[in-house]
Each structure stands twice: as C-alpha cells, then as structure tokens.
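Residues per chain are reported as follows:
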Amino acid sequence: MAASRAVWLEEKHGEYQKKKRHWRSRVTAVRGSLLVLFFALWEAGVRLGWIDELLFSYPSKVFRQIWGDMASGSLWPHLGVTVGETVVGFVLGTLLGTLLAVIIWWSPFLSAVLDPYMVVFNSMPKVALGPIFIVMFGAGFTAIVVTTLSITVIITTLVVYNSFCSVDPNLVKVARSFGATRVQEFNKVILPSSFPAVVSTLKVNVGMSWVGVIVGEFLVAKTGLGYLIIYGFQVFNFTLVMSSLLIIAAVATAMYQLVVYAEKLLLSRR
C-alpha cells in the first residue's frame, strides 16, 4: 500500500513539474514574441513614415550603431564605468539602507524622530540635489555614487523598516514571554519573518541604482552611458541615444536576473 502511494505521489509530482515547465516555456515564448513584435512595429513604423526617423531612429540602424561601437571598442569604457557605478551604488545602498532600518527599529524614539525627515528627503527631487553633491564631492565617480545612494538608501530603509514593523505581533509576544532579549527577538523573529521582503528590496534597488547613476551622469560625467545619451541629444544623433537606452535596458535586465537567481538561492537556504 505504501509503495503504491509513493508511486502515485511520484507521478503527481512529475505531472506538476511538467506543467510548470510548460508554463515557463509559454511565458518565455510570449515574452520573446512581444519583444520581436515591438522591434518589428518600430522598424515598420519608420519605414512607412508613421514614426519620425530623426527622433526615434529605427532598430536596424540602432543595432548597427551598437555593433560598430562594440567592434571599435569605443563602447566598453562607457559601459564599464556605468556598470561599476551602478554596482557600487546598489551594494552600498542596500547595506546602508538595511543597517539604518535595523537602527531605527531598535530605537522607537529614533524612529519617531527620523520618520518625517526620511519621508521629506525621499520626496525631494534628486536631480536638484545633484549639483550640491558635485560641489561637495567633486565632478566624478564619488558624486555619481552619492547621487545613487540618495535614492537607494532611503527607499531601502523605508521598505525594510516597514517589513520589520509588519511582523505578526503575536510572534513577538511569544518570544518575549519566553524571556527573549532584544537581540534574540530580532534574530529569531523579526529578521526571519522579514527576510522575503528584505531580499525583494534587492529587486527594487536594481532599478533605483540605474536611475541614480544615469541622473548623476547626466549632470557631471564625461564617460558612461548617461553621458552618451546627453551627447547624442546635443549633436542630434538620436541613434546614439536609442542605442544607449537599449544597452541600459539589456544590462539592467541581466543584473535583475542575477538578483532573482540570488534571491532563489538565499530563500532556498533559509
């Protein structure tokens, strides 16, 4: 009886895995089809005169621009600078934001004091803060990274802190009833319960890091993908602008997929 039940469970599990793979294949196929359709409509729209070629260029010309810049080697310094700035801003923003969330959770008094300031700072346009950072840190890598941190740190702090505060209070009461210290309460209850939200914050920070870096490069950089976009607008080379945007989209997608993979590994090992 037990053997037949085990066989039945094995079959059901196999059917579930098969359906899951089929569903993933369908999702991938639809995603790819939508992307191909987008580029096809874009190309056709320009060829038929529905879209202004001067402003939006067209895919075949954009891909030739990317390939030419890759072959000549002119793209790699700009790409390397932007990716480096983004990775640094992403890592520091996540670590500092999480640390600040832990600190204000630890001290309710500090949380009450800082809460309105964080909300106000988060609502401020970071483009307006950029010139201040340039004056403080100089026109270079540091100013761009600080501009990125001004976006990622506050968002990470707010998201992680709210996840700490949203933990089931009954779990906290049980831990306290058993005499748990503040450190034990955090390690055994708060952090494990908030772990999915903390890890998901990484996904948010991918996009926020790219926004901060590109904004910083708009203001100060002489190299980087953001600089290429601004330069393309200045010389009316909109093919360069669109190629830079496509490269940003591709690299940001790759970075996001790495974070998703890391999230799966971390959650599977909880």
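This one's a predicted model, so the numbers in the text were calculated from it and none came from an experiment.

J.: Can you walk me through the overall build of the protein in this structure?
T.: Of the regular secondary structure elements, the protein holds 11 helices and zero strands. Secondary structure elements of the protein, listed N to C terminal, follow the sequence α-α-α-α-α-α-α-α-α-α-α. Computed over C-alpha atoms, the radius of gyration of the protein comes to 24 Å, more than 25% over the 18 Å expected from 2.2 N^0.38 for 270 residues, which places it beyond the range of a compact globule. Dimensions of the protein along its principal axes, counting C-alpha atoms only, are 70 × 65 × 30 Å. Burial status across the protein gives 36% buried among its 270 residues. Put simply, 71% of the contacts in the protein that link residues at least 6 apart link residues at least 24 apart. A total of about 16,200 Å² of accessible surface is found on the protein, and carbon and sulfur atoms cover 70% of it.

J.: Help me understand the nonpolar core in this model?
T.: One recurring pattern in soluble globular proteins is that nonpolar side chains are buried together. The biggest cluster of nonpolar side chains holds 25 residues, and the ones touching the most others in it are Trp42, Phe90, Val206, Trp210, Leu225, Ile247 and Ile248. Those elements giving two or more residues to this core turn out to be helix 1 (2-47), helix 3 (59-72), helix 4 (75-106), helix 9 (182-219), helix 10 (225-234) and helix 11 (238-268). Residues within four places of Val206 in sequence aside, it is in contact with Phe90, Ala252, Met255, Tyr256 and Val259.

J.: Any chance you could explain the packing of helix 9 against helix 10 here in plain terms?
T.: Between two packed helices, what matters for the description is the angle formed by their axes and the separation of those axes. Interaxial distance between helix 9 and helix 10 falls to 7 Å at its minimum, and their mutual angle equals 50 degrees. Comparing their axes, helix 10 and helix 9 come out oblique. In this structure, helix 9 meets helix 10 at a crossing whose hand is right-handed. Between helix 9 and helix 10, the contacting residues are Ile214, Glu217 and Phe218 on the first element and Leu225, Gly226, Tyr227, Ile229 and Ile230 on the second. Classifying every residue of the contact of helix 9 with helix 10 by side-chain character gives six nonpolar, one polar and one charged.

J.: Hey, could you run me through unusual backbone geometry in this one?
T.: Residues other than glycine seldom take positive phi values, yet Ser57 does so here, at roughly 55 degrees. Following the sequence through the fold, Ser57 ends up in the loop between helix 2 (53-56) and helix 3. Note on Ser57: relative accessible area 0%, which makes it buried. Within the chain, Phe236 stands out as a residue other than glycine whose phi angle is a positive 60 degrees. In this structure, Phe236 sits in the loop between helix 10 and helix 11. On the accessibility criterion, Phe236 (60% relative accessible area) is exposed.

J.: I keep staring at the packing of aromatic side chains and nothing clicks. Help me out?
T.: Here the distance between the centres and the angle between the planes together describe a pair of aromatic rings. Counted under the stated rule, the structure contains 12 aromatic pairs. Taken together, a centroid distance of 6.1 Å and an interplanar angle of 25 degrees make the contact between Tyr227 and Tyr231 stacked. One end of the pair, Tyr227, and the other, Tyr231, are both in helix 10, four residues apart, so they sit about a helical turn from each other. Judged by centre distance (5.5 Å) and plane angle (80 degrees), the rings of Phe233 and Phe238 are edge-to-face. Looking at Phe233, the relative accessible area reads 44%, which means it is partly exposed. Classification of Phe238 as buried rests on a relative accessible area of 11%.

J.: Before we go on, may I ask you to explain the pattern of salt bridges in this structure?
T.: Oppositely charged side chains may form a pair once their charged atoms are brought near each other. Evaluated as defined, the whole model comprises three salt bridges. Between Arg47 and Glu43 there is a salt bridge whose closest N-O contact spans 2.9 Å. With Arg47 and Glu43 both in helix 1 and four residues apart, the pair spans about one turn of that helix. Note that Glu185 and Arg182 form a salt bridge whose closest N and O atoms lie 3.7 Å from each other.

Calculation criteria
- Residues numbered from 1 in each chain as written.
- Predicted model: local features only at pLDDT ≥ 70, side-chain atom pairs only at ≥ 80, totals over all residues.
- Heavy atoms only, no water.
- Helix = DSSP H or I, 4+ residues; strand = E, 2+ residues; numbered from the N terminus.
- Rg over C-alpha atoms; globule rule 2.2 N^0.38 Å.
- Buried < 20%, exposed > 50% of the residue type's maximum accessible area, 1.4 Å probe, protein only.
- Contact = heavy atoms within 4.5 Å.
- Areas by Shrake-Rupley, 256 points an atom, 1.4 Å probe, with all protein chains shown as cover.
- Core = buried A, V, L, I, M, F, W, Y, C linked by side-chain atoms within 4.5 Å.
- Axes fitted to C-alpha atoms, helices over the stretch in contact; angles between N-to-C directions.
- Parallel < 35°, antiparallel > 145°, perpendicular 65-115°, else oblique.
- Left-handed = near helix turned anticlockwise from the far one by under 90°.
- Nonpolar A, V, L, I, M, F, W, Y, C, P; charged D, E, K, R; others polar.
- Phe/Tyr/Trp six-rings, centres within 6.5 Å; stacked < 30°, edge-to-face > 60°.
- Salt bridge = Lys/Arg side-chain N within 4 Å of Asp/Glu carboxyl O.

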